[in-house]
Protein chains: 2
Amino acid sequence: MEKYLKILKKCSLFYGISDDNLLKMLTCLGAKIINFDKKYTIFAEGTTAKYIGIMLSGTAHTVQMDYFGNRSVLSVIKPTHIFGEAFACAEAENVPVSVIASEPCEVMLIDCGHILHTCSNNCGFHQQLIFNLMKDLATKNIMFHQKIEITSKRTTREKLLAYLLFRAKEQGADSFDIPFDRQALADYLEVDRSGLSAEISKLCREGILECRKNHFEFLNKP
Amino acid sequence: MEKYLKILKKCSLFYGISDDNLLKMLTCLGAKIINFDKKYTIFAEGTTAKYIGIMLSGTAHTVQMDYFGNRSVLSVIKPTHIFGEAFACAEAENVPVSVIASEPCEVMLIDCGHILHTCSNNCGFHQQLIFNLMKDLATKNIMFHQKIEITSKRTTREKLLAYLLFRAKEQGADSFDIPFDRQALADYLEVDRSGLSAEISKLCREGILECRKNHFEFLNKP
DNA sequence: ATAAATCTGTTGAAATTTCAACGAAACGAG
DNA sequence: CTCGTTTCGTTGAAATTTCAACAGATTTAT
């Protein structure tokens, strides 16, 4: 476990908890670590939520499929991020999304019941843990607002610009990277991939944007 | 306060707390009650979140406007519902949405700091309150998933059907009401109002649906 | 009850998106 | 390095959405 301490300390779930206590707590919580290869399913749609996941290394996407097989990417999961906590905390019986590794991953899984119901040993850190979890849930709530704000735009161009302006603001620079390839970006924005490519080209031709793969730069903000 | 007890007891925030304790707690929390007329702003976009709201009577909508003035309705708030808790718990400084009364409302406001930071009197109910708040946040998180699932469909028809099928399932009947007028439904689905009206008419002509104002009935599920 | 305001359904034209198909470029495995 | 695979940008046609405008229905205010 100790080899993951550096990552775990950056995880919002463990904010304000000392190294010693963190390690003891993980044992107490029954935390386990599992590896997933690229494209493997970490949490599967339709199953019952029980575990909270913590990404230790690699990347995964939260993905939703509709009847017709259209894929929608809801979020990107990077090291130190936690995931699945909403379904676990709400005790959902039929999770409507999957979490899929987009590159090889190491994931820590913690049974949510162990967090919510203070253990018989009554470690005092549980209070802090619960508090951290609440702040995380609230923050994710707000992130969904952002996704909805972006995808509620009516045209591909507006969605793309709204998304890129958010990322630029987030990284505090006109020059920035995004964590999606074209198809994943199209899925996130809920638009057609080819139409998205066309729109990116158009913005470049218009001198508003410069783009090389996942790297973008605003030349003139619109 | 006592006249609101019946509503408050149905509020998920106070689940598992006895009447006596609830009334004592409200005093301790400094809860206050405010009235809003139709169309009045309860929480304004751009301000700092501090209070959690509890709807006592009336209805409100969570609304978001983009640069160009397009309105998006994110959720409907009915009596017993709580709102604003995500921003208050995350201590957001610039709330990106407004809450607007869609009919005259009575609202209870509680300073979120009073909930999160156990008071000096150290009433024991705070633990339960915090637990309830967490479950609420997790549940709302899942509701956003649903909105995203619906609006990620590509056509007006698919969005409308996805929405109506959710509502039918929710109310456990093929005959059901929705809490939106046409414009609000169009805003929720992120589509054009006239196109939505046209699609509703079309579904009725096709014998799939029957519709009278806010009341819908599936004759043949698609 | 009446007038004013709001909501709703319809239409057709214009704008936009989706879809399918293709070749070029980038990537990965052996 | 080369082959096979995946990603990417482009295109034009078909499908869909948006927009603007209007009239009938419904609701609200006086």
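Keep in mind that what you see is a predicted model, and the values were worked out from it rather than measured. (Residues numbered from 1 in each chain as written. Chains lettered and ligands numbered in written order. Predicted model: local features only at pLDDT ≥ 70, side-chain atom pairs only at ≥ 80, totals over all residues. Heavy atoms only, no water.)

(A) Main features of the overall build of chain A. Counting its regular elements, chain A contains 8 helices and 11 strands. For chain A, the spread of C-alpha atoms along the principal axes amounts to about 65 × 40 × 30 Å. Across the 222 residues that make up chain A, the buried fraction comes to 49%. Counting only contacts in chain A whose residues sit at least 6 apart along the sequence, the fraction spanning at least 24 positions is 70%. As displayed, chain A has an accessible area near 10,400 Å², and 50% of this comes from carbon and sulfur atoms. Here chain A contributes 27 positive and 26 negative side-chain charges, whose respective centroids are spaced 3 Å apart. (Helix = DSSP H or I, 4+ residues; strand = E, 2+ residues; numbered from the N terminus. Buried < 20%, exposed > 50% of the residue type's maximum accessible area, 1.4 Å probe, protein only. Contact = heavy atoms within 4.5 Å. Areas by Shrake-Rupley, 256 points an atom, 1.4 Å probe, with all protein chains shown as cover. Lys, Arg positive; Asp, Glu negative; His and termini not counted. Charge placed at Lys NZ, Arg CZ, Asp CG, Glu CD.)

(B) Quick look at the protein's contact with DNA strand D. Taken together, 15 residues lie around DNA strand D, and A:Ser197, A:Ser201, B:Thr156, B:Asp192 and B:Lys213 are the ones closest in. Among atoms of DNA strand D positioned within 4 Å of the protein, sugar and phosphate together represent 67%. One nitrogen or oxygen atom from the side chain of A:Ser197 is found 2.7 Å from a phosphate oxygen belonging to DNA strand D. In the environment of DNA strand D, a base nitrogen lies 3.3 Å from a nitrogen or oxygen atom belonging to the side chain of B:Ser194. For the surface near DNA strand D, the secondary structure elements donating two or more residues are helix H7 (182-189) and helix H8 (193-205) of chain A. Split by residue class, the surface near DNA strand D holds 1 nonpolar, 7 polar and 7 charged. (Near = heavy atom within 4 Å. Polar contact = N/O pair within 3.5 Å; in protein donor to acceptor, adjacent residues only side chain to side chain. Nonpolar A, V, L, I, M, F, W, Y, C, P; charged D, E, K, R; others polar.)

(C) Local environment of the relation of the copies chain B and chain A. Superposition of chain B onto chain A requires a rotation of 180° combined with a translation of 0.0 Å along the rotation axis, giving an RMSD of 0.0 Å. Such a combination of turn and shift is consistent with a two-fold rotation axis. When the interface residues of chain B are mapped onto chain A, 100% of them again lie at the interface, so the same face is used by both copies. (Least-squares fit on C-alpha atoms with pLDDT ≥ 70 in both.)

(D) View of the state of the cysteines. According to the stated counting rule, one finds 0 disulfides over all chains in the structure shown. Note on B:Cys89: no disulfide assigned, nearest cysteine sulfur contributed by B:Cys112 at a separation of 4.1 Å. (Disulfide = S-S within 2.5 Å.)

(E) The protein's contact with DNA strand C, seen in detail. In the vicinity of DNA strand C, 14 residues are found, and the nearest of them are A:Thr156, A:Asp192, A:Lys213, B:Ser197 and B:Ser201. Between DNA strand C and A:Thr156, the relevant distance is 2.2 Å, taken from a phosphate oxygen to a main-chain nitrogen or oxygen of the residue. Within the backbone of A:Asp192, a nitrogen or oxygen atom sits 2.8 Å from a phosphate oxygen of DNA strand C. When residues of the surface near DNA strand C are traced back to their parent elements, those giving at least two are helix H7 (182-189) and helix H8 (193-205) of chain B. With 4 residues, H8(B) is the largest single contributor of residues to the surface near DNA strand C. Residue classes in the surface near DNA strand C are distributed as 1 nonpolar, 7 polar and 6 charged.

(F) Geometry of the sheet that holds strand S3 (residues 51-57) of chain A. Residues and elements named next belong to chain A. Spatially, S1-S8-S3-S6 is the arrangement adopted by the 4 strands of the open sheet, whose pairing is antiparallel. Across the chains shown, the open sheet's two edge strands, defined by having one partner strand only, are strand S1 (32-36) and strand S6 (82-83). Pairing analysis gives 6 bridges linking S3 to strand S8 (residues 105-111), with the strands arranged antiparallel. Residue pairing across strands places Ile-54 opposite Met-108, the latter belonging to S8. (Pairing = 2+ DSSP bridges.)

(G) Structural view of the environment of B:Cys211. Residues and elements named next belong to chain B. Here Cys-211 lies in strand S10 (residues 209-212). Here Cys-211 falls in the partly exposed class, since its relative accessible area comes to 25%. C-alpha separation for the pair Cys-211 and Val-76, spaced 135 residues apart in sequence, amounts to 21 Å. Excluding anything up to four places from it in sequence, Cys-211 contacts Arg-182, Ile-200, Cys-204 and Phe-216.

(H) Local environment of helix H2 (residues 19-29) of chain A. Residues and elements named next belong to chain A. Those residues of H2 not exposed but buried are Leu-22, Met-25, Leu-26 and Leu-29. Seen from one end, H2 has its buried residues packed into an arc of 105°, which puts them on one side. Across H2 from its buried face, at more than 90 degrees, point the exposed residues Asp-20, Lys-24 and Thr-27. Buried residues in H2 make contact with helix H1 (5-9), S8, helix H4 (112-116) and helix H5 (125-151). Gly-30 sits one or two positions beyond H2 and adopts a positive phi of about 70°. (Arc of directions from axis to C-beta.)

(I) The packing of helix H5 (residues 125-151) of chain B against helix H6 (residues 156-171) of chain B, seen in detail. All names here are of chain B. Packing of H5 against H6 leaves a shortest axis separation of 8 Å and a crossing angle of 145°. Packed against H5, whose contacting residues are Gln-146, Glu-149, Ile-150 and Thr-151, the element H6 presents Lys-159, Ala-162, Tyr-163, Phe-166 and Arg-167 at the interface. Residue classes in the contact of H5 with H6 are distributed as 4 nonpolar, 2 polar and 3 charged. (Axes fitted to C-alpha atoms, helices over the stretch in contact; angles between N-to-C directions.)

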